[in-house]
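Here are the chains, one letter per residue:
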Amino acid sequence: MSAENENKLHEEEEHDENYKAPAQKTIEEILALDNEDESLRKYKEALLGSQADKVIVDPNNPKNVIVKKLALIVQGRDDLELDLSGDLTQLKKQSFTIKEGIQYKIKIEFFVQREIVHGLKYVQKTYRLGVPVDKMTHMVGSYPPKTEIQSYVTNFEEAPSGLLSRGEYIVSSLFTDDDKTEHLKWEWSLKVEKDWKDKK
């Protein structure tokens, strides 16, 4: 990791420690605010739903955020996908192989149920031979409950390149929020090689 990245990492950690999350409000509390303003009430109901029946995607899952899938998006290629709804311990055996130096985005698909989730964030730490080599934090945002799947796509990231950068990486991913609730935490493998296996 370069000195610049190391400074950035310390700045991010410092920023996280000093960050104060806004007070959480339930959907009912938000809808009740300024209730005398008819146009504002209708606008909020259009955004959040009237919530006469709360949105519950999976009644057997107590979590407010259900993370379903992570995809690696590279222009001109099929997405590389991780199914996050099964046995997470098996994900390390499922290694993504990518070409060195490519530009890629990460897409996360998830459901939000029961309540609004504030300040979602995606934190990713990358290790090589047990040594941390990179950390990135993406502010995902706040999301209302919906029966439809919702998604977040990162900006472009660049894969490492050069002979010494090739090889296996372990990636630790965390989907969390302002309350530091761990909605999902998982590990997966990434292999950087000189070229794509299929040379597509």
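Residues numbered from 1 in each chain as written. Predicted model: local features only at pLDDT ≥ 70, side-chain atom pairs only at ≥ 80, totals over all residues. Heavy atoms only, no water.

### Structural notes on the overall build of the protein
- A count of helices and strands for the protein gives three helices and 10 strands.
- If you list the helices and strands of the protein from N to C, you get α-α-α-β-β-β-β-β-β-β-β-β-β.
- Taken over 200 residues, the protein has a buried fraction of 38%.
- Excluding contacts between residues fewer than 6 apart, the proportion of contacts in the protein whose partners are at least 24 apart in sequence is 70%.
- Carbon and sulfur atoms provide 49% of the accessible area of the protein, an area that totals close to 12,000 Å². (Helix = DSSP H or I, 4+ residues; strand = E, 2+ residues; numbered from the N terminus. Buried < 20%, exposed > 50% of the residue type's maximum accessible area, 1.4 Å probe, protein only. Contact = heavy atoms within 4.5 Å. Areas by Shrake-Rupley, 256 points an atom, 1.4 Å probe, with all protein chains shown as cover.)

### Here's the deal with the sheet that holds strand E3 (residues 95–99)
- Read from one edge of the open sheet, five strands run E3-E10-E9-E5-E6, paired in mixed fashion. In the strand order of this sheet, the two ends are held by E3 and strand E6 (131–143), each with one partner. Between one strand and the next, the sheet's axes are offset by a mean angle of 25 degrees, whatever the strand orientation. (Pairing = 2+ DSSP bridges. Axes fitted to C-alpha atoms, helices over the stretch in contact; angles between N-to-C directions.)

### Some thoughts on the pattern of salt bridges
- For the structure on display, the rule yields six salt bridges.
- Two residues, Glu-109 and Lys-69, come together in a salt bridge whose shortest N-O distance is 3.9 Å. One end of the pair, Glu-109, is in strand E4 (residues 103–112); the other, Lys-69, is in strand E1 (residues 65–73), with 40 residues separating them in the sequence.
- A relative accessible area of 24% means that Lys-69 is categorised as partly exposed.
- One connected set of salt bridges, linked through shared partners, spans Lys-69, Glu-81, Lys-107 and Glu-109. (Salt bridge = Lys/Arg side-chain N within 4 Å of Asp/Glu carboxyl O.)

### What to know about the environment of Glu-193
- Considering the arrangement of structural elements, one finds Glu-193 in strand E10 (residues 184–193).
- Judged by its relative accessible area of 26%, Glu-193 falls in the partly exposed class.
- Along the backbone, Glu-193 and Glu-168 are 25 residues apart, and their C-alpha atoms lie at a distance of 8.9 Å.
- Other than its neighbours up to four places away in sequence, Glu-193 contacts Thr-97, Ile-98, Lys-99, Glu-100 and Arg-166.

### Brief notes about the environment of Glu-81
- Looking at the secondary structure, you find Glu-81 in strand E2 (residues 80–83).
- Along the backbone, Glu-81 and Ile-108 are 27 residues apart, and their C-alpha atoms lie at a distance of 9.8 Å.
- When sequence neighbours within four positions are dropped, the list of residues in contact with Glu-81 reads Lys-69, Leu-70, Ala-71, Gln-94 and Phe-96.

### A short note on unusual backbone geometry
- A positive phi is found at Arg-114, a non-glycine position, where the angle reads about 70 degrees.
- When you line up the elements, Arg-114 lands in the loop between E4 and strand E5 (117–128).
- Residues other than glycine seldom take positive phi values, yet Lys-180 does so here, at roughly 65 degrees.
- Within the secondary structure, Lys-180 sits in the loop between strand E9 (167–176) and E10.

### Structural notes on the side chain of Ser-189
- Tracing the sequence through the fold places Ser-189 in strand E10.
- Side-chain polar atoms of Ser-189 contact the backbone oxygen of Lys-92, separated by 2.9 Å.
- Setting aside residues no more than four positions away along its own chain, Ser-189 makes contact with Leu-91, Lys-92, Gln-94, Ser-95, Phe-96, Glu-168, Tyr-169 and Ile-170. (Polar contact = N/O pair within 3.5 Å; in protein donor to acceptor, adjacent residues only side chain to side chain.)

### Describing the packing of aromatic side chains
- By the definition in use, this model includes four aromatic pairs.
- Seen in terms of ring centroids, Phe-96 and Trp-188 are 5.6 Å apart; in terms of plane orientation they differ by 65 degrees. Their pairing is edge-to-face. Of this pair, Phe-96 sits in strand E3 while Trp-188 sits in strand E10, and the two are 92 residues apart along the sequence.
- Looking at Trp-188, the relative accessible area reads 1%, which means it is buried.
- Their ring planes at 85 degrees and their centres at 5.1 Å tell us that Phe-110 and Tyr-143 sit as a pair that is edge-to-face. Linking Phe-110 in strand E4 with Tyr-143 in strand E6, this pair joins segments that are 33 residues apart in sequence.
- The buried category is assigned to Tyr-143, whose relative accessible area is 14%.
- Its guanidinium or amino end placed over the ring of Tyr-169, Arg-128 lies 5.1 Å from that ring's centre, counting from NZ or CZ. (Phe/Tyr/Trp six-rings, centres within 6.5 Å; stacked < 30°, edge-to-face > 60°. Lys NZ or Arg CZ within 6 Å of the ring centre and 35° of its normal.)

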